[in-house]
Amino acid sequence: MTDSVPADAEAEIAQAVRAALAEHGYARLTTAKIAAAYPKSEAGLYYHFDSKDEMIAAFLEFAAGQLGEELADIDTDDPETRLRAACESLFRSPGEEGAGVHVAVMELLSHAPHNETLRGPLQTLESATLETLTEIVADGIEQGTFRPVDPEATAAFLLAAADGSTGFHVALGMDVGADLRAGWEAYVDGLVANT
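The structure reproduced in this document is the subject of the present report. (Residues numbered from 1 in each chain as written. Predicted model: local features only at pLDDT ≥ 70, side-chain atom pairs only at ≥ 80, totals over all residues. Heavy atoms only, no water.)

1. A short note on the overall build of the chain
Then, number 1: Of the regular secondary structure elements, the chain holds nine helices and zero strands.
Then, number 2: The order of helices and strands in the chain, counted from the N terminus, is α-α-α-α-α-α-α-α-α.
Then, number 3: For a compact globule of 195 residues, the expected C-alpha radius of gyration is about 16 Å, and the chain comes in at 18 Å, within 12% of that figure.
Then, number 4: Counting only residues that meet the buried cut, the chain has 44% of its 195 residues in that class.
Then, number 5: Counted over contacts in the chain with a minimum sequence separation of 6, partners at least 24 positions apart contribute 67%.
Then, number 6: Summing over all exposed atoms, the chain offers an accessible surface of approximately 9,700 Å²; the carbon and sulfur share of this is 52%.
Then, number 7: Mean positive and mean negative side-chain charge positions of the chain (11 and 34 charges, respectively) differ by 6 Å. (Helix = DSSP H or I, 4+ residues; strand = E, 2+ residues; numbered from the N terminus. Rg over C-alpha atoms; globule rule 2.2 N^0.38 Å. Buried < 20%, exposed > 50% of the residue type's maximum accessible area, 1.4 Å probe, protein only. Contact = heavy atoms within 4.5 Å. Areas by Shrake-Rupley, 256 points an atom, 1.4 Å probe, with all protein chains shown as cover. Lys, Arg positive; Asp, Glu negative; His and termini not counted. Charge placed at Lys NZ, Arg CZ, Asp CG, Glu CD.)

What follows is the structure in structure tokens.
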């Protein structure tokens, strides 16, 4: 990979990788399939990256920043509203925008123990989500919105539940969307102080 990718090229490449991953998954993904989703030439991809995994790693790093911004930019200071909006974003259903990417990231997570190129960016992506959830819960405790709980443990549980729901609900299409929603809503309800 070259040292620096211009911001506009980085965004275009990330969108191409995102679209190709959502459509094909990791196992069937090729640079040609990424190039088909890229508005410029395949040679342009290889100007910046040496391999498919480097392109995916760049997408994950870009996605970590985007997700962090998306969750941080929820237009309210109310921690309960922010946490519910974060859960809406993390608990996807089949067919929703972004659901295919969630499945692709889950697939990438299964390769992370054996793939050095993907492991670091995946840790960055998951850590960004974990950090944002932790901050929301900590803010809620500080403001008296949430009862005193361990913010890190609460965030870890929500992230693990969201990642797990991607497997059996989104990837396998099991009809548990209403149950998952009821579960995370009840969990958030249980965090609210004075309930």
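2. With respect to the nonpolar core
Then, number 1: With 32 residues, the main nonpolar core has Val17, Leu21, Ile34, Ile56, Phe59, Leu60 and Leu108 as its most contacted residues.
Then, number 2: Those elements giving two or more residues to this core turn out to be α1 (7–24), α2 (31–37), α4 (52–72), α6 (99–111) and α7 (116–142).
Then, number 3: If one sorts the elements of this core by residue count, α4 sits on top with eight residues.
Then, number 4: Setting aside residues no more than four positions away along its own chain, Val17 makes contact with Ile34, Met55, Ile56 and Phe59.
Then, number 5: Membership of the second largest hydrophobic core comes to 18 residues, among which are Leu133, Ile136, Val137 and Val192. (Core = buried A, V, L, I, M, F, W, Y, C linked by side-chain atoms within 4.5 Å.)

3. Remarks on the pattern of salt bridges
Then, number 1: In total, this model carries seven salt bridges according to the counting rule given.
Then, number 2: Salt-bridge contacts for Lys40 lead to Glu12; the nearest nitrogen and oxygen are separated by 2.9 Å. Highlighted residues: Lys40 in the loop between α2 and α3 (42–48) and Glu12 in helix α1, separated in sequence by 28 residues.
Then, number 3: By relative accessible area, Glu12 is classed as partly exposed at 26%.
Then, number 4: Note that Arg84 and Asp189 form a salt bridge whose closest N and O atoms lie 2.4 Å from each other. You can see Arg84 sitting in helix α5 (residues 79–90) and its partner Asp189 sitting in helix α9 (residues 177–191), a full 105 residues away along the chain.
Then, number 5: What you see here is one network of salt bridges that share partners, running through Glu80, Arg84 and Asp189. (Salt bridge = Lys/Arg side-chain N within 4 Å of Asp/Glu carboxyl O.)

4. So, the packing of aromatic side chains
Then, number 1: In total, this model carries two aromatic pairs according to the counting rule given.
Then, number 2: Ring centres of Phe91 and Trp184 lie 6.1 Å apart, and the angle between their planes is 25°; this geometry places the pair in the stacked category. Linking Phe91 in the loop between α5 and α6 with Trp184 in helix α9, this pair joins segments that are 93 residues apart in sequence. Assigned by exposure class, Phe91 and Trp184 land together as buried.
Then, number 3: Relative to Tyr187, the ring of Phe157 has its centre 4.8 Å away and its plane inclined at 40°; by these criteria the two rings are tilted. Here Phe157 is found in helix α8 (residues 151–171), whereas its partner Tyr187 is found in helix α9, with 30 residues between them in sequence. (Phe/Tyr/Trp six-rings, centres within 6.5 Å; stacked < 30°, edge-to-face > 60°.)

5. A short note on the environment of Asp77
Then, number 1: Looking at the element boundaries, Asp77 is found in the loop between α4 and α5.
Then, number 2: Classification of Asp77 by relative accessible area gives exposed; the value is 69%.
Then, number 3: Measuring from C-alpha to C-alpha, the distance between Asp77 and Ala161 comes to 25 Å, with 84 residues separating the pair along the chain.
Then, number 4: Beyond its immediate chain neighbours, meaning those up to four positions away, Asp77 contacts Arg82 and Gln143.

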